[in-house]
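# Observations on chain architecture
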Amino acid sequence: MITRRFLEAPDRRGWIFLALLAAAAIIVPALNLFVPSTSPLHVSTTTVALWGKYLCFALLALSLDLAWGYCGILSLGHGAFFALGGYAMGMYLMRQIGPRGVYAHPVLPDFMMFLNWKELPWYWYGFNHFPYAAVMILAVPGILAFVFGWFAFRSRVTGVYLSIITQALTFALMLGFFRNDFGFGGNNGLTDFKDILGFNVQSTGTRAALFSISALALGLGYLVAQAVVRSKAGKVLIAVRDAESRTRFLGYRVEHYKTFVFTLSACMAGVAGALYVPQVGIINPSEFAPANSIEVVIWVAVGGRGTLIGAALGAILVNYAKTQFTIGMLAPYWLFALGALFVLVTLFLPRGVLGLLPRPEPTGVPCSTSGPPAPKLRSAAGSPPVQPGGGEHASVSRPGAAAAQPVLAK
Amino acid sequence: MRTSYAHVMAVLLWSLGGLALAGPPAMAQSYEQALAGFAADAFSDTDAAITAVAGSGHPLAAKVIGALQDGRLLFNADDRKIYVREPSGTVLDAATGRPVAGEAPPGLKSVRLNNRLRRSVEAALGSLTLLAPEPSRRLAAAQAVFKSRDANALAALEGALARETDVRVRKAMLEARAAIILTQPSAREADRVQAVGVIRDRSDRDARALLGGLPADLPPTVQRTAAEAITAIDRHLARWEMVQHLWYGLSLGSVLLLAAIGLAITFGVMGVINMAHGEMVMLGAYTTFVVQEIMRTTAPGLLDYSLAIAIPAAFLSAGLVGIAIERGVIQFLYGRPLETLLATWGISLILQQAVRTLFGANNREVSTPSFMSGVVELGGLAVTLNRFWIIVFAGLVFALLLGVLRYTTLGLHMRAVTQNRRMASAMAINTGRIDALTFGLGSGIAGLAGVALSQIDNVSPNLGQSYIIDSFLVVVFGGVGNLWGTLVGALSLGVANKFLEPYAGAVLGKIALLVLVILFIQKRPRGLFALKGRAVEA
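Residues numbered from 1 in each chain as written. Chains lettered and ligands numbered in written order. Predicted model: local features only at pLDDT ≥ 70, side-chain atom pairs only at ≥ 80, totals over all residues. Heavy atoms only, no water.

The subject of this paragraph is the overall build of chain A. Tallying secondary structure elements over chain A gives 17 helices and four strands in all. Counting all 410 residues of chain A, 57% fall into the buried class. Total accessible area computed for chain A in this model is approximately 16,600 Å², and 69% of it derives from carbon and sulfur atoms. (Helix = DSSP H or I, 4+ residues; strand = E, 2+ residues; numbered from the N terminus. Buried < 20%, exposed > 50% of the residue type's maximum accessible area, 1.4 Å probe, protein only. Areas by Shrake-Rupley, 256 points an atom, 1.4 Å probe, with all protein chains shown as cover.)

If you want it as structure tokens, here you go:
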């Protein structure tokens, strides 16, 4: 029953996406492991690791799209959930180092020896077991998102205000994790990993496996997200995005839906972070930097928000471009390009790259009959509690815009 | 003259109640006699000679002791005469201070020192400066004696006290004397109690440390008064500490106010989420730098006044960039706050990178004009002048902005457009132009903040980023669309931050504050001074 529900959810594009992912999950590791490095078809280990990283970013973008594209929650702190998942995985990997560290202490990680700590802090207990760590990868970001969302949505903090406090959240976490006495390695973070589930993190086989798992996780994340947005609850989420007050007046507990989707999204981000860490070999507090989280938003915007596939695509596109820029002569111009991307996409490509393609069939994306593109964000400006000045602009600033949103002009 | 001075010293000493001093009354000996003590080159004789020379009050005493410290004091073992070799190489007769005629006598050796003697030399030099002609040097010497509490300096201190006319120096000397008496085991009980009183009146950290570190074997009366004095000083210090925290808080609050007040216009009044606001601040700081560099090459004499040019220049440059951003990007995004946020973030990346390309990624040096550097002591409060002027500047900018909004035609139009755009448009107000000007005004004020921040912060491409989150929190905390809310928000966040810091540390204090503000927004989603009535619904 549940399986059926999952498998009925994707549309034709979704199936193409899933098929591509499955193909990548099988072919890329195969080309890496079984094709000799002299062959032109060989995929180098660096490339595998790089694309594995992109897949993790794609999952992160997908999770943000679930919250932003379908429920209008623009989180500028999604990098925090990603990093928390990553830290949970990092703690497991640190415990796996065991006595092979520089100080050769059987339990304490090197940085704790360096800080002259005598025993393991309580929150490090259990991380030597993978199942426990796996639960934590979902639970820590999930619980934080639940508590944060529950408080924020209950008191109807919406729109830009929510964005700013999510940004403050990740900023606060960054400051905290930079401290040595937090017990997460401070400035240097967690690194120097050796094993994951008994396999060497550095070995080609493990890297190829991690790539496949990342592709699998992305596919799974897509199926879950797709199932959610296609369900009845998904329709309510879209209603919340487009007209929050109206949905509330119709009797829906808006804050429950928002908390649910925010928490789910945070868990997915946590998984993305957990898969990211063994592939790059380090997790440090700079992952919490507010700028990182905003960058995730532009991945989603580039691909097309409210499309799920577009978000994943955008993440891969932007990161591929970033790699191409930063390894070449153009490195100093990457930030110009990224900045221009922000401006141009918001001005000229409000529905992202995917919006350029003809629509195959109507889905959960709001109908665009009502005028200029991306009307979904109007809801944030139009709902009463957002901001007096902005609301004013929203409703009457441009005659065209005002006519385009009859719901909000009242 | 010399003898009469020694006489006074002797009388003073006697009147002190026969305080035992090391060695015979040194002043009675003449300077020349004392000098001869160095010729023996035995450590005990040298020590006596140091005390004697320092106490003689002879004008050459400081030079001789100084030479001894540097190993430039020479003696001739045969005729027991003492010479000073100047750093330039000329050799002087220590008794007369005149250069030796002809060749320096052969067989000169320098007077040796050991560690104990070096301490005596330092103490002697300290007490010698007690008689220096400049009051500032005398004050410093008295304070040094207070810290060292060297009993050997007591005699010199008494002598200096008798001649001292400057009230502040005199007070410092009395305190130094009290400190010595207090730690002198042979001093009389009554003197010591009195000394505690003197030190209690000083009421600072050093006094607290001195009283707290007294030996346990003191007479009970002294101990009791000392304990009382400690409590009194602690109370006094705690009060001043509060004032100091308040001052730091005000200072931080004024910086936050400057950074946030432009945002209060663009975000608060216009409703535009300008993530590039911090970069406007940065542009202002770099304008200050450029103006200063131009002044440095064209008119170095007027460097102190470069801020007077930098202020309007920063306002104009940041304001013009702001207008360009509004006309080029933001005007197409009104009513779409989340997209505005993304687009302006992109602009901020471009501006940062542009500045990095133009000026390099390193911090740039902006010099502080002389009237802004230095510290003024107000009681127990250390007021740094640059912080003081920034508070004044923030107040001025705030008042000016209120004035512009309240009394000028532009301000009237701005308020009209934000309150009811259609009606304003019907009254022949060019709303597009007003939008651009309002945004320019907000950005220009951010540029002014940059001028102020260039004085206390590193001028780097990342300057603005460190303030953007704080600025948003201030505006949101204070209540959107309300300048007074921004003022109260900035000052209360600044003060709260500085009061949290001593308990939680800088980083944890900041985190605590962020969490508090997040919780506060839950409670009052529209800030401290929320707009009421119809304005909210608009």
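Let's pick the thread back up.
Attention now moves to the overall build of chain B. Secondary structure summary: chain B contains 22 helices and six strands in total. The C-alpha radius of gyration of chain B comes to 34 Å, more than 25% above the 24 Å expected for a compact globule of 538 residues. Across its three principal axes, chain B shows a C-alpha extent of roughly 105 × 60 × 35 Å. Buried residues in chain B amount to 50% of all 538 residues. Expressed as a percentage of contacts within chain B between residues at least 6 apart in sequence, the contacts between residues at least 24 apart total 69%. In the form shown here, chain B has an accessible surface area of approximately 24,200 Å², with 61% of it arising from carbon and sulfur atoms. Separation between the mean location of the 48 positive side-chain charges and that of the 38 negative ones in chain B comes to 9 Å. (Rg over C-alpha atoms; globule rule 2.2 N^0.38 Å. Contact = heavy atoms within 4.5 Å. Lys, Arg positive; Asp, Glu negative; His and termini not counted. Charge placed at Lys NZ, Arg CZ, Asp CG, Glu CD.)

All names here are of chain B. Neither face of strand β1 (residues 73–76) is open: one carries Leu73 and Phe75, the other Leu74 and Asn76, and all of them are buried. Where β1 lies against strand β2 (residues 81–85), four bridges are found, and the strand directions are antiparallel. The partner of Leu73 across the bridge, within β2, is Val84. Joining the antiparallel neighbours β1 and β2 is a turn of four residues, in which Arg80 adopts a positive phi near 55 degrees. Here β1 runs beside strand β4 (residues 108–110); their pairing, made up of three bridges, is antiparallel. If you follow Asn76 over to β4, its bridge partner there is Leu108. (Pairing = 2+ DSSP bridges.)

This paragraph deals with the side chain of Glu326 of chain B. Residue and element names in this part refer to chain B. One can find Glu326 in helix α13 (residues 306–328). The exposure class of Glu326 is buried, given its relative accessible area of 0%. Non-local contacts of Glu326, meaning those with residues more than four positions away in its chain, are made with Gln331, Tyr334, Asp435, Ala436 and Phe439.

Turning our eyes to something else, we now look at the domain arrangement of chain B. Per the domain assignment, the segments making up chain B are domain 1 (28–113), domain 2 (116–218) and domain 3 (240–537). Look at where the C-alpha atoms of domain 2 of chain B and domain 3 of chain B centre, and you get two points 49 Å apart. (Domains from an automatic or database assignment.)

This paragraph deals with the nonpolar core. Counting 201 residues, the largest nonpolar core has Trp68, Trp124, Leu190, Leu218, Phe288 and Trp299 of chain A together with Phe267 of chain B as its most contacted members. If you tally residues by element for this core, the top one is helix α3 (residues 45–71) of chain A, at 16 residues. Once you skip the residues sitting within four places of it in the chain, Phe267 of chain B turns out to touch Val160 and Tyr161 of chain A together with Val272, Ile273, Phe472, Val475, Val476 and Val480 of chain B. (Core = buried A, V, L, I, M, F, W, Y, C linked by side-chain atoms within 4.5 Å.)

All names here are of chain A. Per the counting criterion, the structure on display carries 19 salt bridges over all chains. The residue Lys194 makes a salt bridge to Asp192 at a minimum N-O spacing of 3.6 Å. You can call Lys194 partly exposed: its relative accessible area is 22%. Between Lys322 and Glu295 there is a salt bridge; the shortest N-O distance is 3.2 Å. Taken as a pair, Lys322 in helix α13 (residues 309–327) and Glu295 in helix α12 (residues 290–303) lie far apart in primary sequence, 27 residues in all. Its relative accessible area of 27% is what places Lys322 among the partly exposed residues. A cluster of three or more residues bridged by salt bridges with shared partners is formed by Glu244, Arg248 and Lys258. (Salt bridge = Lys/Arg side-chain N within 4 Å of Asp/Glu carboxyl O.)

Right, let's get into the environment of Ile298 of chain A. Residue and element names in this part refer to chain A. As for its placement among the helices and strands, Ile298 is situated in helix α12. Taking the C-alpha atoms as reference points, Ile298 and Ala315, separated by 17 residues in sequence, lie 8.3 Å from one another. Not counting chain neighbours up to four residues away, the residues in contact with Ile298 comprise Leu338, Leu341 and Phe342.

All names here are of chain B. Position of Gln292 among the secondary structure elements: in helix α12 (residues 277–298). A relative accessible area of 1% places Gln292 in the buried class. Not counting residues within four places of it along the chain, the set of residues in contact with Gln292 comprises Leu303, Ser306, Glu365, Val366 and Ser367.

Looking now at helix α6 (residues 130–154) of chain A. An α-helix turns once per 3.6 residues; consequently, residues spaced three or four apart project the same way. The end-to-end C-alpha distance of α6 of chain A, which contains 25 residues, comes to 35 Å, matching closely the 36 Å that a straight helix rising 1.5 Å per residue would cover. Every buried residue belonging to α6 of chain A is among Ala133, Met136, Ile137, Pro141, Gly142, Ala145, Phe148, Gly149, Ala152 and Phe153 of chain A, and all of these are buried. Summarising the contacts, the buried residues of α6 of chain A are in contact with α4 (78–97), α7 (159–177) and α11 (254–280) of chain A together with α21 (506–523) of chain B. Within two residues after α6 of chain A, Arg156 of chain A carries a phi angle of roughly 60 degrees, on the positive side. (Expected span 1.5 Å × (residues − 1).)

The subject of this paragraph is the pairing of strand β6 (residues 381–384) of chain B. Residues and elements named next belong to chain B. Of the two faces of β6, the one holding Leu381 and Val383 is buried and the one holding Ala382 and Thr384 is not buried anywhere. Two elements, strand β5 (residues 375–378) and β6, share four bridges in a ladder whose sense is antiparallel. When the bridges of β6 are listed, Glu377 appears paired with Ala382.

With that settled, the discussion passes to the sheet that holds strand β3 (residues 91–93) of chain B. All names here are of chain B. Ordered by their spatial adjacency, four strands build an open sheet running β3-β2-β1-β4, and the pairing between neighbours is antiparallel. Pairing within the sheet leaves two strands with one partner each, and these edge strands are β3 and β4. Adjacent strand axes in the sheet meet at a mean angle of 35 degrees, parallel and antiparallel pairs treated alike. (Axes fitted to C-alpha atoms, helices over the stretch in contact; angles between N-to-C directions.)

Residues and elements named next belong to chain A. Per-residue confidence for chain A gives a mean pLDDT of 83, with 85% of residues at or over 70. When mean pLDDT is compared element by element in chain A, α11 scores highest at 95, while helix α17 (residues 399–404) scores lowest at 36. Predicted confidence is poor over residues 362–410, with pLDDT under 50, and the contacts of this stretch with residues over four places away or in other chains come to 99 contacts. (pLDDT = per-residue confidence, 0-100.)

Residues and elements named next belong to chain A. The backbone of Asn116 sits at a positive phi, close to 70 degrees, despite the residue not being glycine. With respect to the element layout, Asn116 can be found in the loop between α5 (110–114) and α6. The exposure class of Asn116 is exposed, given its relative accessible area of 56%. Of note, the phi angle at Leu308 is positive, near 60 degrees, even though the residue is not glycine. One can find Leu308 in the loop between α12 and α13. Given the relative accessible area of 0%, Leu308 is considered buried.

Residue and element names in this part refer to chain A. Evaluated as defined, the whole model comprises 33 aromatic pairs over all chains. Both rings, one in Phe57 and one in Trp299, keep their centres 5.0 Å apart while their planes meet at 50 degrees; by these two values the pair is tilted. Here Phe57, found in helix α3, pairs with Trp299, found in helix α12; they are 242 residues apart in sequence, far enough to count as distant. Arranged with centres 6.1 Å apart and planes meeting at 75 degrees, the rings of Tyr252 and Tyr257 form a pair that is edge-to-face. When its relative accessible area of 31% is taken as the criterion, Tyr252 is described as partly exposed. The exposure class of Tyr257 is partly exposed, given its relative accessible area of 21%. Ring-pair connections join several aromatic residues into one group, and the members of that group are Tyr87, Phe111, Trp122, Tyr123, Trp124, Phe177, Phe182, Phe184 and Phe288. In this structure, Arg154 packs its charged tip against the face of Trp150, placed 4.8 Å from the ring centre. (Phe/Tyr/Trp six-rings, centres within 6.5 Å; stacked < 30°, edge-to-face > 60°. Lys NZ or Arg CZ within 6 Å of the ring centre and 35° of its normal.)

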